[in-house]
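Overview (structure and organization)
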Amino acid sequence: MAKQTSPVDWMERILADAIDSRASDIHLEPERESFNVRFRIDGILYTIESLTKYSQEKIISRIKVLSNVNITEHRLPQGGNFEFNYKDRIYNIRTSTLPTPNGEAIVLRILNREEILIRIQDLGFDKNQLETMNRLIISPHGMILTTGPSGSGKTTLLYSTLNELNKPDNNIIALEDPIEFQMPTIRQVQITEGSGLDFARAMRSVLRQDPDIIMVGEIRDPETAQMAFQAALTGILVFSTFHTLDVPGLVARLVEMGMPRSVVAQAIEGVVSSRLLRKICDSCKKPYQLSDYEKMILGDKSKGKKFQKGEGCKNCLNSGYFGRTGIFEVVHFDNEIRSSIISKEPYASLHKLLKEKGIKTLRESAIDKVFQGITTVEEIARVTGVPYEG
Ligand SMILES: [Zn+2]
């Protein structure tokens, strides 16, 4: 930031730049000698600019004023938010500060309604998975869980589903922390852990509000789990997210939380695991030869097939990727899956059972997308945590 640029102008410009480059977050990071700006785009951080320490305090103060947080507090983390109007759209910007020895680090999360409200059919499901999804979400009751690590698209999936079910004949109540954006005719409740209204307490009140569908942002504690499962067993359709990697892992965690196996088996209607993969940039994709390692991953099916990769261009910040798509594993619980859970079979047998049923795994979904020319083996390796040898 040149000395003559005001913090007000700089903020306007950096927010506009972030939105233009499709960033989900802006990171402002104080170092010893500099104040660095990074954008997260398609899940990856890019360094955008490096400012002087002179600019740091002014920008931080400006953000605190905008976010309506205590401007004189430097030693405690704070959170706030503000709205930003750009190109006829309103963006909700969520602010978080964190004290470090070099000053406060700030992250601005950019929430864009249009990007969150994607239709289910545009999320990246294949034909079979989409059919299963459509059957799952019209279940009259039961529990539908989405799983995956942070940033795996599970919240977007939940919002898309709720939006699909948001009709006059449904009473939908959503317990959220935070409310990412408001949806008409859905009763959204902001959960604030530590200030009295936690998930468990909210759940008790919600059950007296005659709901058809409840969305619980996340199941974190045994009490919430118990009430959510009870609701699912008594005629309510319950959606929630859970931090585990796959279906056997989910069952294991729920049992650890004290949920009886019979309740887990009977209440769960379906489980959807998701991850997000970057798509090859359309502006710079070129044919290329697979390496031996890539051939090994893709198997014999890759023989004689043509593959493409992004070379890197201005549009994709030289990454070769532009935008993201979801990959999924969709499991609709049937009697066999339920009895496997109830009869305490080892988790490996549940894995085996899902495989026998031909349920496509996340990895198989990802490989399909390589064959369709949407993504690369390198990207699968990044998302699934497998070392990549190009
Ligand atoms: Zn490109």
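This one's a predicted model, so the numbers in the text were calculated from it and none came from an experiment.

What the rule picks out here adds up to 23 salt bridges. The salt bridge partner of Lys360 is Asp126, with a shortest N-O separation of 2.4 Å. One end of the pair, Lys360, is in the loop between helix 12 (347-356) and helix 13 (362-371); the other, Asp126, is in the loop between helix 3 (113-116) and helix 4 (127-137), and 234 residues separate them in sequence. Judged by its relative accessible area of 25%, Lys360 is partly exposed. Measuring nitrogen to oxygen at the nearest pair gives 2.7 Å for the salt bridge that ties Glu336 to Lys357. Of this pair, Glu336 sits in helix 11 (residues 335-342) while Lys357 sits in the loop between helix 12 and helix 13, and the two are 21 residues apart along the sequence.

A word on the side chain of Arg261. If you trace the backbone, Arg261 turns up in helix 9 (residues 261-267). For the buried Arg261, which has no salt bridge, the nearest side chain bearing the opposite charge is Glu345, at an N-O separation of 9.1 Å. In terms of polar contacts, Arg261 uses its side chain to reach the side chain of Tyr347, at 3.3 Å.

Turning our attention to the nonpolar core. Leu254 and Ile268 are the most contacted members of the largest nonpolar core, which totals 42 residues. Looking at which element gives the most residues to this core, the answer is helix 7 (residues 222-233), with 6 residues. Beyond its immediate sequence surroundings of up to four residues, Ile268 is in contact with Met143, Leu145, Phe229, Leu250, Leu254, Val263, Phe333 and Arg338. Trp10, Ala16, Ile63 and Ile106 belong to the second-largest nonpolar core, a separate cluster that totals 27 residues.

According to the domain assignment, the protein consists of domain 1 (7-111) and domain 2 (116-384). Once you take the C-alpha centre of each, domain 1 and domain 2 turn out to be 30 Å apart. The interface of domain 1 with domain 2 comprises 9 residues on the first partner and 11 residues on the second. For the pair domain 1 and domain 2, the two sides together bury roughly 880 Å², of which 57% comes from carbon and sulfur. Of all residues in domain 1, the largest losses of buried area upon contact with domain 2 belong to Arg22, Asp42 and Tyr46, amounting jointly to 50% of the total for that side. In this structure, the connection of domain 1 to domain 2 is made through 0 salt bridges. Summed over the shared surface of domain 1 and domain 2, the number is 1 residue pair in polar contact (both at pLDDT 80 or more). Those elements that provide at least two residues to the side of domain 1 that touches domain 2 are strand 3 (44-52) and strand 5 (89-100). When grouped by side-chain class, the residues that make up the side of domain 1 that touches domain 2 number 4 nonpolar, 2 polar and 3 charged.

Taking 1.5 Å per residue, 12 residues should reach 16 Å; helix 5 (residues 154-165) reaches 17 Å between its end C-alpha atoms and fits that length. All of the buried residues in helix 5 are Lys154, Leu157, Leu158, Tyr159, Ser160, Thr161, Leu162 and Leu165.

Distances from the zinc ion to its protein donors, Cys281 (SG), Cys284 (SG), Cys313 (SG) and Cys316 (SG), fall within 2.3 Å. Because the angles between the 4 donor atoms bound to the zinc ion fall within 106 to 111°, the donor set is best described as tetrahedral. One chain supplies every donor for the zinc ion, spaced along it as C-x2-C-x28-C-x2-C. Highlighted residues: Cys284 in the loop between strand 12 (268-280) and strand 13 (285-288) and Cys316 in the loop between strand 14 (307-310) and strand 15 (321-332), separated in sequence by 32 residues.

Let's shift gears to the packing of helix 8 (residues 247-256) against helix 12. Where helix 8 contacts helix 12, the two axes come as close as 9 Å, and the packing angle between them is 145°. When you trace helix 8 past helix 12, the crossing you get is right-handed. Along the contact surface, helix 8 presents Val247, Pro248, Val251, Ala252 and Val255, while helix 12 presents Tyr347, Leu350, His351 and Leu354. Tallied by class, residues from the contact of helix 8 with helix 12 come to 8 nonpolar, 1 polar and no charged.

Analysis parameters
- Residues numbered from 1 in each chain as written.
- Predicted model: local features only at pLDDT ≥ 70, side-chain atom pairs only at ≥ 80, totals over all residues.
- Heavy atoms only, no water.
- Salt bridge = Lys/Arg side-chain N within 4 Å of Asp/Glu carboxyl O.
- Helix = DSSP H or I, 4+ residues; strand = E, 2+ residues; numbered from the N terminus.
- Buried < 20%, exposed > 50% of the residue type's maximum accessible area, 1.4 Å probe, protein only.
- Lys, Arg positive; Asp, Glu negative; His and termini not counted.
- Polar contact = N/O pair within 3.5 Å; in protein donor to acceptor, adjacent residues only side chain to side chain.
- Core = buried A, V, L, I, M, F, W, Y, C linked by side-chain atoms within 4.5 Å.
- Contact = heavy atoms within 4.5 Å.
- Domains from an automatic or database assignment.
- Buried area = accessible area lost by both parts, 1.4 Å probe.
- Nonpolar A, V, L, I, M, F, W, Y, C, P; charged D, E, K, R; others polar.
- Expected span 1.5 Å × (residues − 1).
- Donors = N, O, S within 2.8 Å, 3.2 Å for Na, K, Ca; no water.
- Tetrahedral: all angles 85-135°; square planar, octahedral: opposite > 155°, others 65-115°.
- Axes fitted to C-alpha atoms, helices over the stretch in contact; angles between N-to-C directions.
- Left-handed = near helix turned anticlockwise from the far one by under 90°.

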